[in-house]
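A structural walkthrough
One letter stands for each residue in the lines below.
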Amino acid sequence: MHDTEKKEGFRQPLTPAPLLIVLASFDPSGEGVNHYDPEHPELLTDKESKYYGEQWAISKPADCYERFFGEGNESMLEYYRQMTNGKFWFYPVKIDHPDENTLENGVVSVTLPLPHPAALRNLGDYDNGSAAAKVIHDIVCACDKFIDFKKYDPDGDGIITPHDLAVIILNAGYDHATCEHDRECGGVDYEDGPDGAHRFQVHGTSQPTDAEMSGGVHIVRVSNIGEYRSVKTGLTTIGTPAHELCHNVGAQDMYSRYTSGYDVEPRWPTPAMFSLMSSGNHLGEGALPSFVDPYQRIYFGWSDVTEAKEDGVYTVTEVTHGDKILKIPTPNPDEYFICEVRLKKGFERALTKGEEKGGVVMWHIDESVNNEWFLKAQCVSSNRAGGGRRHDLGNAILPREWFESVYNGDGTFWKFGPLRDKDLSGKDPFFYKSDDVKTSLFDSSLYCGAASMSYSLNRFPEGVSHDWKLTVEVLDEPGDEMRVKITRG
Ligand SMILES: [Zn+2]
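Residues numbered from 1 in each chain as written. Predicted model: local features only at pLDDT ≥ 70, side-chain atom pairs only at ≥ 80, totals over all residues. Heavy atoms only, no water.

Topic: the overall build of the protein chain
In terms of helices and strands, the protein chain carries 10 helices and 19 strands. Its C-alpha radius of gyration of 24 Å places the protein chain within 12% of the 23 Å reference for a compact globule of 489 residues. The dimensions of the protein chain, computed from C-alpha atoms along their principal axes, are 75 × 45 × 45 Å. Within the protein chain, buried positions represent 56% of all 489 residues. A fraction of 66% describes how many contacts in the protein chain between residues 6 or more apart in sequence connect residues 24 or more apart. Carbon together with sulfur atoms contributes 49% to the accessible area of the protein chain, which is approximately 20,100 Å² in total. Treating the 48 positive side-chain charges of the protein chain as one cloud and the 78 negative ones as another, the clouds have centres 5 Å apart. (Helix = DSSP H or I, 4+ residues; strand = E, 2+ residues; numbered from the N terminus. Rg over C-alpha atoms; globule rule 2.2 N^0.38 Å. Buried < 20%, exposed > 50% of the residue type's maximum accessible area, 1.4 Å probe, protein only. Contact = heavy atoms within 4.5 Å. Areas by Shrake-Rupley, 256 points an atom, 1.4 Å probe, with all protein chains shown as cover. Lys, Arg positive; Asp, Glu negative; His and termini not counted. Charge placed at Lys NZ, Arg CZ, Asp CG, Glu CD.)

Remarks on the coordination of the zinc ion
Protein ligation of the zinc ion involves His 243 (NE2), His 247 (NE2) and Asp 253 (OD), the donor distances falling in the range 2.0 to 2.1 Å. As a motif over one chain, the donors of the zinc ion read H-x3-H-x5-D. Note on Asp 253: relative accessible area 3%, which makes it buried. (Donors = N, O, S within 2.8 Å, 3.2 Å for Na, K, Ca; no water.)

Topic: the packing of aromatic side chains
The final tally for this structure, using the stated rule, is 27 aromatic pairs. Aromatic pair Tyr 295 and Phe 374: ring centres 5.7 Å apart, planes at 75°, arrangement edge-to-face. Pair noted here: Tyr 295 is in helix α9 (residues 294–299) and Phe 374 is in the loop between α10 (367–373) and β14 (395–397), with a separation of 79 residues, a long-range link. In terms of burial, Tyr 295 and Phe 374 fall into one category: buried. On the basis of an interplanar angle of 45° and a centroid distance of 6.2 Å, the ring pair of Phe 403 and Phe 416 is categorised as tilted. On the criterion of sequence distance, the pair formed by Phe 403 in strand β15 (residues 403–407) and Phe 416 in strand β16 (residues 413–420) is long-range, its members being 13 residues apart. An aromatic cluster of three or more residues is present, and its members are Phe 10, Tyr 79, Tyr 80, Phe 88, Phe 90, Phe 291, Tyr 295, Tyr 299, Phe 300, Trp 302, Phe 347 and Phe 374. Lying over the aromatic face of Trp 373, Lys 376 brings its terminal NZ or CZ to 5.1 Å of the ring centre. The ring of Trp 268 is capped by Arg 390, whose NZ or CZ atom sits 5.5 Å from the centre of that ring. (Phe/Tyr/Trp six-rings, centres within 6.5 Å; stacked < 30°, edge-to-face > 60°. Lys NZ or Arg CZ within 6 Å of the ring centre and 35° of its normal.)

Thoughts on empty space enclosed by the protein
Enumeration over the complete set of coordinates arrives at 2 cavities of 30 Å³ or more. As for the largest cavity, its lining consists of 19 residues, of which His 364, Ala 396, Leu 398, Cys 448 and Gly 449 are closest to the centre. Each residue belonging to the lining of the largest cavity can be placed in one class, and the counts come to 12 nonpolar, 6 polar and 1 charged. (1 Å grid on protein atoms, 1.4 Å probe; cavity = no way out; pocket = protein on both sides within 12 Å on 5 of 7 lines; lining within 4 Å. Points joined across faces, edges and corners; volume = space filled by probe spheres on them. Nonpolar A, V, L, I, M, F, W, Y, C, P; charged D, E, K, R; others polar.)

Quick notes on the domain arrangement of the protein chain
As far as domains go, the protein chain holds domain 1 (2–250) and domain 2 (272–488). Put simply, the middle of domain 1 and the middle of domain 2, counted by C-alpha atoms, are 34 Å apart. At the interface, 33 residues of domain 1 touch 35 residues of domain 2. Across the interface of domain 1 and domain 2, roughly 2,900 Å² is buried in total on both sides, 57% from carbon and sulfur atoms. Our count for the domain 1 to domain 2 interface comes out at 3 salt bridges. A salt bridge links Glu 285 to Lys 232, with the shortest nitrogen-to-oxygen separation between them at 2.9 Å. Run the count over domain 1 and domain 2 and you get 16 residue pairs in polar contact (both at pLDDT 80 or more). Among the secondary structure elements, those contributing two or more residues to the side of domain 1 that touches domain 2 are α1 (2–6), α4 (76–83) and α8 (239–248). Examining the composition of the side of domain 1 that touches domain 2, we find that 6 residues originate from one element, α8, more than from any other. In terms of residue class, the side of domain 1 that touches domain 2 is made up of 11 nonpolar, 14 polar and 8 charged. (Domains from an automatic or database assignment. Buried area = accessible area lost by both parts, 1.4 Å probe. Salt bridge = Lys/Arg side-chain N within 4 Å of Asp/Glu carboxyl O. Polar contact = N/O pair within 3.5 Å; in protein donor to acceptor, adjacent residues only side chain to side chain.)

Topic: the pairing of strand β18 (residues 470–474)
Burial of β18 is extensive: 4 of the 5 residues sit out of reach of the surface. One ladder, built from 3 bridges, connects strand β17 (residues 441–443) with β18; its direction is antiparallel. Bridge assignment links Leu 441 to a residue of β18, and that residue is Glu 473. Strand direction decides the pairing type here: β18 and strand β19 (residues 481–488), joined by 5 bridges, are antiparallel. Within the sheet, the bridge partner assigned to Glu 473 lies in β19 and is Lys 485. Hairpin remark: β18 followed by β19, antiparallel, with 6 residues in the connecting loop. (Pairing = 2+ DSSP bridges.)

Structure below.
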């Protein structure tokens, strides 16, 4: 299969990984005291000031622990453990040499003799990228004294991968990616954060670095976000860290990247809230992130996949309940459907706004698209790479009611168009058995590729009728186990 080809050289995250959280403060003068003065805010924002870019963390390591590593609460550790059915999570790394500002596990606090990166970029020869790279590199190096890093290089190649030891930096102040949506921040930008003592912001990323630690081992990738999510929410919630750390172990974005200006199609049918890697990380102000889409859960080896070679009745189970997923082949070897169960409970209780309980969710996968675009983070993008035309989504969700309707001449429903409806309120994406027979039936011939506009399949191999279709009848009400009846032809 094509998806196994892509796995060559890819290491599935199937063993829990230690995580180091670094709370970073910026003290360019090295005086070790906070120079913020509401009467003289320019001390921190005037480029000529020796305190330019000074910014201190508001929180302490102890404020992080339960949010990231708590057991039995809605921590990031529990989030990963539930999503993967106990196959993968981030646990607190042992701090071998703690100091008075640091915990014994998981979280250290460092202060750099540098301005915040959003200030440093305005100084000397720095720009946005080189300032971030310099600061991230130096923050990681400042952690050397806390941990014997060499032991996290089991194969002795000198590289500590995010599977061996994951690192996330919480930069003092606000996160730009989450704060820009906060109305109370009033359209702030990187150098105009919502409180005078915390003007400078970073934008959440997962990015490469090359920090050489004692023993000659190198840390090569870190996640980097702001310590604060927004004025309204306060300290960063788990959604953005979970998203960035998932990148560290190989996940790709599932929103419309590299599309800008007039070319943005706001109704492009990305996985949206149905993936942590799309907009699902922001649900419940980031406290209730949705799980990763099933395509990437399979890629990571987290799901239990059955291939429906024959038509018939199969049982699929909810993500945290064994995550039994059905993969349904089609006459085109590149294209298949995925059938999963998502329920509005636990971490996913904020998945949709309506009263619906959840149920079966259908997806259409096109590996010919993914083989070209997945590793470039554009497999669901609406961009026109190279100035050409848009391509179909390689990982397309087919919700029951989210697409715009196309009507017959007599005003009755005919099929769906390629884009999401303008107004999703009151629309239920799930399939399940109910008093209304329509809620139980998925019919692929109602859905088309967003670019190809071809129904059921993006491409029909020679000799296959364009009337070919898949129907899935859901035989159960929303629940942890749901039976589906598959018919193709
Ligand atoms: Zn991302």
